[in-house]
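Survey of secondary and tertiary structure
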Amino acid sequence: MAAHPVAPVTRRRGLTEVRAKSTPPADPERLTTHSRTVHDTVAQIETRSGQAGILATDPAFWRRVRHAALLHDTGKVAEGFQQQLLPGHDAWGQRHEVLSLAYVDILGATAGWSDQDRFMVATLVATHHRALHSASSDSGGKPALSQLYNEHTDWSEAFSLAPGATPGQPQVQVTKGLHGELLAWLSGFLSMDPPLGTPRGPSLAERSRLLLQQLLDTWRQPVKPDQGLLAVLAQGALTLADHAGSAHVDLQTHMPLLPDYLNRLPYPAYPHQQQAATTRGHLILVAPTGSGKTEAGLAWAAEQLSTMPGQPRLVWTLPYRASLNAVRRRFERDLVPPPGQRKPDIGLLHGTVAHTLLTQSTDDDCSAGTPAATPTAEQARKARAQAGAMRLFTQRLRVATPHQLLRGAIAGPVYSSVLLEQANSLFVLDELHAYDPATFGRLCAAMRLWERLGSRVAVLSATLSKTMTGIIDESLEQGVTVHEAPQGTSPVRHRLVLDEKPFDAPESIERLRTWLREGYSVLAVTNTVNGAQSLFDQLSAEAREARPGDPYAALLLHSRFKNRDRGLIEKSLLQRHPERHPDEGAHRGGLVVATQTVEVSLQLDFDRGAVDNAPIEAVAQRAGRVNRRGLHPDGPSEFRVHRTEGHRPYDADAVDAAWSALTDLDSQGSDTLSEQDIERLLAHAYDTPWGRKWEIEARRSRDAFTAQFLTFTDPFHDRSEFAKALNEQFDSVEVLHRDDADEYRSLALGKKGDPLLAAGLLIPLRYRQLKQYQAEFDRRLGVHLIVGDYDPVTGLRPPSEPETIL
């Protein structure tokens, strides 16, 4: 079947010479090799996800994905694409996936596919790099196919004649011989006879036009939610297979968590751990800090693995980067490596870097080329991005913040693979209490979606209110088992003292100095980074004098450090203040000043604690770092809560509700902070106007997030603006100090660059702080550049005001 009436050409190319990639430079990958690799990779993905959840409702799902994988890059056979892969050649300027539609049309007709099979395979092929429709005239993303190809397109010029064609000697994009070779190879791969040629058939350009128009017309209108979700998941399967095939990375099959995990513990399991290990389905577990919640969550996950299809993934989520790093190191230490390895491979879903890698890995050579030497650098960057992106997917056990998971709702070529990986998975939401009501509601919406994808959820916390438990339960269709650790699981560990004076009052500072001089290890937790830095400035010299020769006598931890500096601080912190052993002495010495970054999953232990008043869950979690297991030889340790003059970064009513609950407990004559006391504090705080408002806001956010992000009724419209809205709703962004721009450029974009290596230079900020730090977005680096005073010991401070004569 001819693509176009054959004309004389200056160069005849055989199928073995057709390349899919410009890399590796010595022998670029052939189109047939790449197509076969991506097709075969689909089988790995199917083994992982199987027929879980909604996937089981579409028996044709995986067959269509395999066909799309075989055909997705066939348009690269075009001479324009082949020429642009050569050093110094201009970009072709057309989308290869649009020309690939012609081969979907031909092969579908030859193989006798149903209209729906042909339509869905074409949909996946067309959308593996670009959206079909833009959501608005200026969505901020790449132009959609409907913007690139419309009534103004000269299809013959775009896909029939090659670049440089002249009226006297036109050069066709696909010669008759090459076209026939490709059809023969595809037909052989599918074990069928090749189609019979006829010069009177539609040209490849015309077939592409007609099929693309059908896709644009059909997907322009909203579809049913289940239909849209299945389409996005299929798109995710194809893009994931394309990522893996391009990077030549196999998906790991080893699960570091073994089925007999609970039996491997070096101590007799607690009752709540045993209950978790025998629970099938969704779980809510409430247990005191230091009583083995993490082990209970792993025991629950081990039980689920034996009762789910395929190869489920385990995703462990925590609210703070510090706790992510800590739990990753803990899993590397405690879980089982694959044969021949020293430690298990635990994935870490980075925020900004993950976004960069995923975005770059979906670029393709149609848009990469510009004249001269630039293509080589761009192609190398893309190859590194594809390899890096696969490190976000290959492991079966990963740790992440919920923000990265919720990005799957953006879907599209960039994030549909993230969404697919949430099918047939286990999600452990550790310390779910730490989120504001809006984020909590979004996570409940995500739980509902995960359940539709055949996944299961466990929620772990030491401070989960009945209000939260109720909202989680109503958000899930299937039953939720709730286990609470028995009273007495943890001994009384704290002597509670309420202090009306703020942290920075002279009396408060002097008390901390006295504790340090007496040899106690002291944890001081403030609500703001500025407050932590100021307190550290006042106390660090005293702490070092009290512990001469101790390099870790004074440590400061908050969110506003470079990632690599914070990693070193966390490591030092865990080494210097580990959980106490029964035979230890009373005085450890040392000072740690921190913000809420120490509240979850850091196994720390201090002799004394003083904290800013905060939402009641935060207060209880801060107490959990003091006399963690109740082993201090002096008995319950003093834990002092200071009344705050402000409320930032928390809701003022939440802080007031906590103080009301604490003073009510104190008025009852209780000077301890037991498990029963924490239950009473939670009940009191949530039975206030603030608590009732919190409940309303959580449900409203859950339902709004579902309606805005999780319906998928327009699955192939560009959702770039959703990504921006999601980032702003989470109020979180990673930035780069201007002084580090050259090093970041070298690490991320250099000859052997890798954005994951460059991530160590990034600093988390809130969106609303960008102006304060004079942020400007660098499109080449993909990050905001900021100014400010940075020190590896104290972190980032706002830029100093320039001196003036006044």
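Presented here is a report on the structure given in the accompanying data block. Because the structure is predicted, anything quoted here is derived from the model rather than measured.

Turning our eyes to something else, we now look at the overall build of the protein. Looking only at helices and strands, the protein has 30 helices and 19 strands in total. Looking at the protein as a whole, 61% of its 806 residues qualify as buried. Considering only contacts in the protein between residues 6 or more positions apart, those separated by 24 or more positions represent 78%. Entry remark: accessible area of the protein is about 30800 Å², with carbon and sulfur atoms responsible for 51%.

Taken N-terminus to C-terminus, the directions of helix α21 (residues 506-517) and helix α22 (residues 529-546) make an angle of 20°; their axes are 9 Å apart at the nearest point. Relative to α22, the element α21 is oriented roughly parallel. Of the two elements, α21 crosses α22, and the hand of that crossing is right-handed. Between α21 and α22, the residues in contact are I509, L512, R513, L516 and R517 and L535, Q538, L539, E542, A543 and A546, respectively. Its residues assigned to classes, the contact of α21 with α22 shows seven nonpolar, one polar and three charged.

This brings us to the sheet that holds strand β3 (residues 347-348). Pairing is parallel across the open sheet formed by seven strands, whose spatial order is β3-β4-β2-β5-β6-β1-β7. The open sheet terminates on both sides in strands that have one partner only, identified here as β3 and β7 (480-484). Pairing of strand β1 (residues 282-286) with β7, which is carried by five bridges, proceeds in the parallel orientation. Directly across from L285, in β7, lies its bridge partner H483.

Neighbouring strands of a sheet are bound in pairs by backbone hydrogen bonds; such pairs are parallel or else antiparallel. The strand order β15-β14-β17-β16 describes an open sheet built from four strands, whose pairing is mixed. Of all strands in the sheet, those bounded by a partner on one side alone are β15 (762-765) and β16 (776-778). Mean inter-strand twist for the sheet, computed between neighbouring axes without regard to direction, equals 50°. With three bridges connecting them, strand β14 (residues 733-737) and strand β17 (residues 783-786) associate as parallel partners. In the sheet register, V735 faces β17, and the bridge partner there is H784.

Residues A554 and L556 point to one face of strand β10 (residues 554-557) and L555 and L557 to the other, with burial holding for every one of them. In terms of strand pairing, β10 meets strand β11 (residues 591-594) through four bridges, oriented parallel. When the sheet's bridge partners are listed, A554 is paired in β11 with L591. Chirality of the crossover, the property in question, places the unit of β10, helix α23 (residues 563-576) and β11 among those that are right-handed.

All right, on to the packing of aromatic side chains then. Counted by the stated rule, this structure contains 15 aromatic pairs. On the basis of an interplanar angle of 35° and a centroid distance of 5.7 Å, the ring pair of W155 and F159 is categorised as tilted. Taken as a pair, W155 and F159 lie in helix α7 (residues 155-159) at a separation of four residues, close to a single helical turn. Each of the two residues, W155 as well as F159, counts as buried. When the centroid spacing of 5.0 Å and the interplanar angle of 55° are considered together, the rings of Y686 and W690 count as tilted. Here Y686 falls in the buried class, since its relative accessible area comes to 8%.

Before going further, it helps to spend a moment on the pattern of salt bridges. This model, assessed by the stated rule, comprises 55 salt bridges. E97 is paired through a salt bridge with R95; the nearest N and O atoms lie 3.1 Å apart. Given a relative accessible area of 0%, E97 falls into the buried group. For the salt bridge of R622 with E599, the shortest nitrogen-to-oxygen distance reads 2.9 Å. On the criterion of sequence distance, the pair formed by R622 in helix α24 (residues 616-623) and E599 in the loop between β11 and β12 (608-612) is long-range, its members being 23 residues apart. Taken together, the shared-partner salt bridges in this structure form one network comprising E474, E695, R699, R702 and D703.

Here we take up helix α8 (residues 176-189). Taking 1.5 Å per residue, 14 residues should reach 20 Å; α8 reaches 20 Å between its end C-alpha atoms and fits that length. Taken together, the buried positions of α8 are L178, H179, L182, L183, W185, L186 and S187. Taken together, the buried residues of α8 touch α1 (31-49), α2 (61-71), α4 (96-111) and α9 (204-220). Two residues or fewer after α8 comes S191, characterised by a positive phi angle close to 55°.

For helix α19 (residues 437-452), built from 16 residues, the straight-helix expectation of 22 Å at 1.5 Å per residue is met to within 8% by its first-to-last C-alpha distance of 23 Å. With respect to burial, α19 is a largely interior element, 14 of its 16 residues being buried. In this structure D436 caps α19, since a side-chain oxygen of it lies 3.0 Å from the backbone nitrogen of A438.

A separate point is the pairing of β12. Burial of β12 is extensive: five of the five residues sit out of reach of the surface. Of the two faces of β12, the one holding R608, A610 and D612 and the one holding G609 and V611 are both buried throughout. Sheet analysis places strand β9 (residues 522-525) next to β12, joined by four bridges and oriented parallel. Paired with V522 across the bridge in β12 is R608. The sheet contact formed by β12 and strand β13 (residues 637-642) spans four bridges and is parallel. Each bridged residue has a counterpart across the sheet, and for D612 the counterpart in β13 is H642. Each parallel crossover has a hand, and for β12 linked through α24 to β13 it is right-handed.

Once that is clear, we can look at unusual backbone geometry. Residue P649 is reached from R648 by a cis peptide bond, and omega for that bond is 10°. Along the polypeptide, P649 turns up in the loop between β13 and α25 (652-667). Notably, S191 is not glycine yet its phi reads approximately 55°, a positive angle. Tracing the backbone shows S191 in the loop between α8 and α9. With phi around 55°, Q774 is a residue other than glycine that occupies positive phi space. The exposure class of Q774 is partly exposed, given its relative accessible area of 48%.

Rules behind the numbers
The residue numbers shown here count from 1 along each chain, following its written sequence. Totals for whole chains, interfaces and linings use every residue, but because this is a predicted model, local features are given only for residues with pLDDT of at least 70 and side-chain atom pairs only at 80 or more, for both listing and counting. Side-chain numbers come from the whole structure's heavy atoms, not from hydrogens or water. What counts as a helix is a DSSP run of H or I of at least four residues, what counts as a strand is a run of E of at least two, and both are numbered from the N terminus. Only protein chains enter the accessibility calculation, which uses a 1.4 Å probe. A residue is then buried if its area is under 20% of the maximum for its type, exposed if over 50%, and partly exposed in between. Contact between two residues is taken to exist if any of their heavy atoms lie within 4.5 Å; hydrogens are not considered. Residue burial considers only the protein chains on display, and all accessible areas are found by Shrake-Rupley using a 1.4 Å probe. Where helices are involved, their axes are fitted lines through C-alpha atoms of the stretch in contact, as for all axes, and angles between N-to-C directions lie from 0 to 180°. In this scheme, roughly parallel covers angles under 35 degrees and roughly antiparallel covers those over 145, while 65 to 115 is roughly perpendicular and the rest are oblique. Crossings are sorted by hand: turned counterclockwise from the far helix by less than a right angle, the near helix makes the crossing left-handed, and turned clockwise it makes it right-handed. When residue character is reported, Ala, Val, Leu, Ile, Met, Phe, Trp, Tyr, Cys and Pro are called nonpolar, Asp, Glu, Lys and Arg charged, and the others, Gly included, polar. Strands were regarded as paired on the criterion that DSSP finds at least two bridges between them. Place the viewer so that the strands point away; then a crossover is right-handed whenever the path from the first strand over the helix to the second strand goes clockwise. Only the six-membered ring of Trp is used, alongside the rings of Phe and Tyr, when aromatic pairs are assigned; centres must lie within 6.5 Å, and planes under 30 degrees apart are stacked while those over 60 apart are edge-to-face, with the rest tilted. When a carboxyl oxygen of Asp or Glu lies within 4 Å of a side-chain nitrogen of Lys or Arg, that pair is called a salt bridge. To estimate how far a helix should extend, the number of its residues minus one is multiplied by 1.5 Å. The definition of a polar contact used here is a pair of N or O atoms within 3.5 Å, where within protein one atom must be able to donate a hydrogen and the other to accept one, and adjacent residues in sequence count solely through side-chain atom pairs.

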